[in-house]
Amino acid sequence: MKITVRKGDTFSYYSQLFDLPLQLLLDSNPNLNPDALQPGSFVRLPGYFAEGIPINHGDTVHSISQTCRVHPDAICLLNPLVNIQSLQIGERLFVPKRASGRVVSSGVPYDYPTLQKDLRKVCELYPFIQSDIIGHSVLKKELVQLKWGRGTKKVHVNASFHANEWITTGILMTFLNDYLLALTNNIPIRGVNMLTLYEQTTLSAVPMVDPDGVDLVLHGPPVQEPFHSLVKSLNKESIDFKDWKANIRGVDLNNQLPARWEKEKVRKPQEAAPRDYPGDYPLSEPEARAMADLAFEEDFDRVIALHTQGKEFYWGFEKEEPPEAEDIAREFERVSGYKAVQYVDSYAGYKDWFIQEFRRPGFTIELGYGVNPLPLSQFDEIYEDTLGIFLAGLYM
Ligand SMILES: [Zn+2]
């Protein structure tokens, strides 16, 4: 929601009037000088939208402010062109409403168009979010990173590295939305003050690493050639793509990182396939390359990669993980009930490479239990189980 600055207005006044943390207001308006707000300029208020209501006989700003439980001056700010002293019946008045529910789609088959729509909604409603395009998929879909927080500790979470594990994107987007709601409504999540997390930690999220693969699993082959024919032939002409894990070229993105890649290369499929093919060389695929570049650019302290399934997580790689990884793993285990596994016979994944490259904690979390793609009937249970991991990932 936007308001127009009047002479004498300040961010701290808006912070009180709308009961919003000052830091969120500052971060939502990075282009304004907080010490000299210019009258007539627009200020964006996170977590609010303007609702138009019709003026009825006898209404005054005061009566409307009482009914809607907002300060009269908040209504004045939203209606700079309305003569507040004598409201005209039939006119519409805008009233600020605090967003108190999720705007992202939760518990649905989560494809790329759904992600695009949800990203637009959250970025509009919470303008302190920084949204960056960090690369493009083979089919030129945007790979988007959302980022927020003031902390020096940088925690990265990603989802849908594997196509038929798209439920992880919905789980991550739901957590992001709940974080934003808690932040702007000043409500803790499981006793954790989210504003404190915001100030201590910078969160980075890439909710869909393999958008082409996700859409293939959910909607079938793309119209574009040569990919339309390629995926059909790799899938042995079956029209069911639910077992597809790879990107649209048949390369498994989580077998693409230069961390003992050669080991996977010799024992995995020798050519493009619905799953497991490590590619012709490490980082041959634009999605994997974008994720590696991102880690260098952002210099993350920790990464958490969401996969399905198994209700367990992996936290080591070739004894290269730092000692604090074990403390975090124990906490993850405690808050989720998922099993902490230090080593697993798997290489060339994102967390493997992150641990090897940076010697910092990296985790692969296997959400839920069953056969991929996990059914949406598990969505709520998975969310409850992993909420603690998201929080601990940020506060540990
Ligand atoms: Zn996976």
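Residues numbered from 1 in each chain as written. Predicted model: local features only at pLDDT ≥ 70, side-chain atom pairs only at ≥ 80, totals over all residues. Heavy atoms only, no water.

### Focus on the UniProt feature "active site" (unreviewed entry) in the protein
The positions UniProt marks with the feature "active site" (unreviewed entry) are Glu 366. Mapped onto the elements, Glu 366 comes out in strand β12 (residues 362-367). In contact with Glu 366, other than residues within four places in its own chain, are His 307, Thr 308, Gln 309, Gly 310, Lys 311, Glu 312, Phe 313, Tyr 314 and Tyr 338. For Glu 366, the side chain forms a polar contact with the main-chain nitrogen of Thr 308, separated by 3.4 Å. (UniProt positions renumbered as here; feature names shortened; annotations may be inferred. Helix = DSSP H or I, 4+ residues; strand = E, 2+ residues; numbered from the N terminus. Contact = heavy atoms within 4.5 Å. Polar contact = N/O pair within 3.5 Å; in protein donor to acceptor, adjacent residues only side chain to side chain.)

### Here we look at the UniProt feature "domain: LysM" (unreviewed entry) in the protein
UniProt records the feature "domain: LysM" (unreviewed entry) for residues 1-45 in the present numbering. In residues 1-45, helix accounts for 31% and strand for 13%; the two terminal C-alpha atoms are 5 Å from one another.

### Regarding the side chain of Thr 364
For Thr 364, the location among the structural elements is in strand β12. Filtering out sequence-adjacent residues up to four positions away, Thr 364 remains in contact with Ala 305, His 307, Glu 312, Phe 313, Tyr 314 and Lys 351.

### As for the pairing of strand β8 (residues 201-206)
When you tally the buried positions in β8, you get six out of six residues, the bulk of the element. Of the pairings in the sheet, the one linking strand β6 (residues 142-148) to β8 comprises three bridges and is antiparallel in character. Note on β8: the bridge partner recorded for Trp 148 is Leu 203. Bridge analysis of strand β7 (residues 153-159) against β8 gives six bridges, and the strand direction is parallel. From the neighbouring strand, Lys 153 faces β8, where its bridge partner is Thr 201. (Buried < 20%, exposed > 50% of the residue type's maximum accessible area, 1.4 Å probe, protein only. Pairing = 2+ DSSP bridges.)

### So, empty space enclosed by the protein
Under the defined criterion, the tally for this structure stands at one cavity of 30 Å³ or more. Its boundaries defined by the atoms lining it, the largest cavity holds a volume of some 50 Å³. Pro 21, Ala 182, Leu 183, Asn 186, Ile 187, Pro 188, Asn 193, Met 194 and Leu 195 are the residues that line the largest cavity. The set of elements that each furnish at least two residues to the lining of the largest cavity consists of α6 (167-185) and α7 (194-200). Residues belonging to the lining of the largest cavity are distributed by class as follows: seven nonpolar, two polar and no charged. (1 Å grid on protein atoms, 1.4 Å probe; cavity = no way out; pocket = protein on both sides within 12 Å on 5 of 7 lines; lining within 4 Å. Points joined across faces, edges and corners; volume = space filled by probe spheres on them. Nonpolar A, V, L, I, M, F, W, Y, C, P; charged D, E, K, R; others polar.)

### Brief notes about the packing of helix α5 (residues 112-125) against α6
Each packed pair of helices is defined by two parameters, the angle between the axes and the distance between the axes. Relative orientation of the contacting elements α5 and α6 amounts to 10 degrees, with a least axis distance of 12 Å. In terms of axis orientation, α5 runs roughly parallel to α6. Facing Leu 115, Asp 118, Leu 119 and Val 122 of α5, the residues of α6 in contact are Thr 169, Met 173 and Leu 180. Looking at the contact of α5 with α6, its residues break down into five nonpolar, one polar and one charged. (Axes fitted to C-alpha atoms, helices over the stretch in contact; angles between N-to-C directions. Parallel < 35°, antiparallel > 145°, perpendicular 65-115°, else oblique.)

### Considering the side chain of Lys 147
Turning to its location among the elements, Lys 147 is positioned in strand β6. Look at Lys 147 and you get buried, because its relative accessible area is 13%. Among the polar contacts made by the side chain of Lys 147, one reaches the side chain of Glu 298 at a distance of 3.0 Å.

### A word on the coordination of the zinc ion
Protein coordination at the zinc ion comes from His 162 (ND1), Glu 165 (OE), Glu 165 (OE) and His 307 (ND1), with a distance range of 2.1 to 2.5 Å. For the zinc ion, the four donor atoms are set out with angles of 56 to 147 degrees between them, so the coordination reads as irregular. Linear spacing of the donor residues for the zinc ion on their chain is H-x2-E-x141-H. Of the two residues examined, His 162 and Glu 165, each falls in the buried class. (Donors = N, O, S within 2.8 Å, 3.2 Å for Na, K, Ca; no water. Tetrahedral: all angles 85-135°; square planar, octahedral: opposite > 155°, others 65-115°.)

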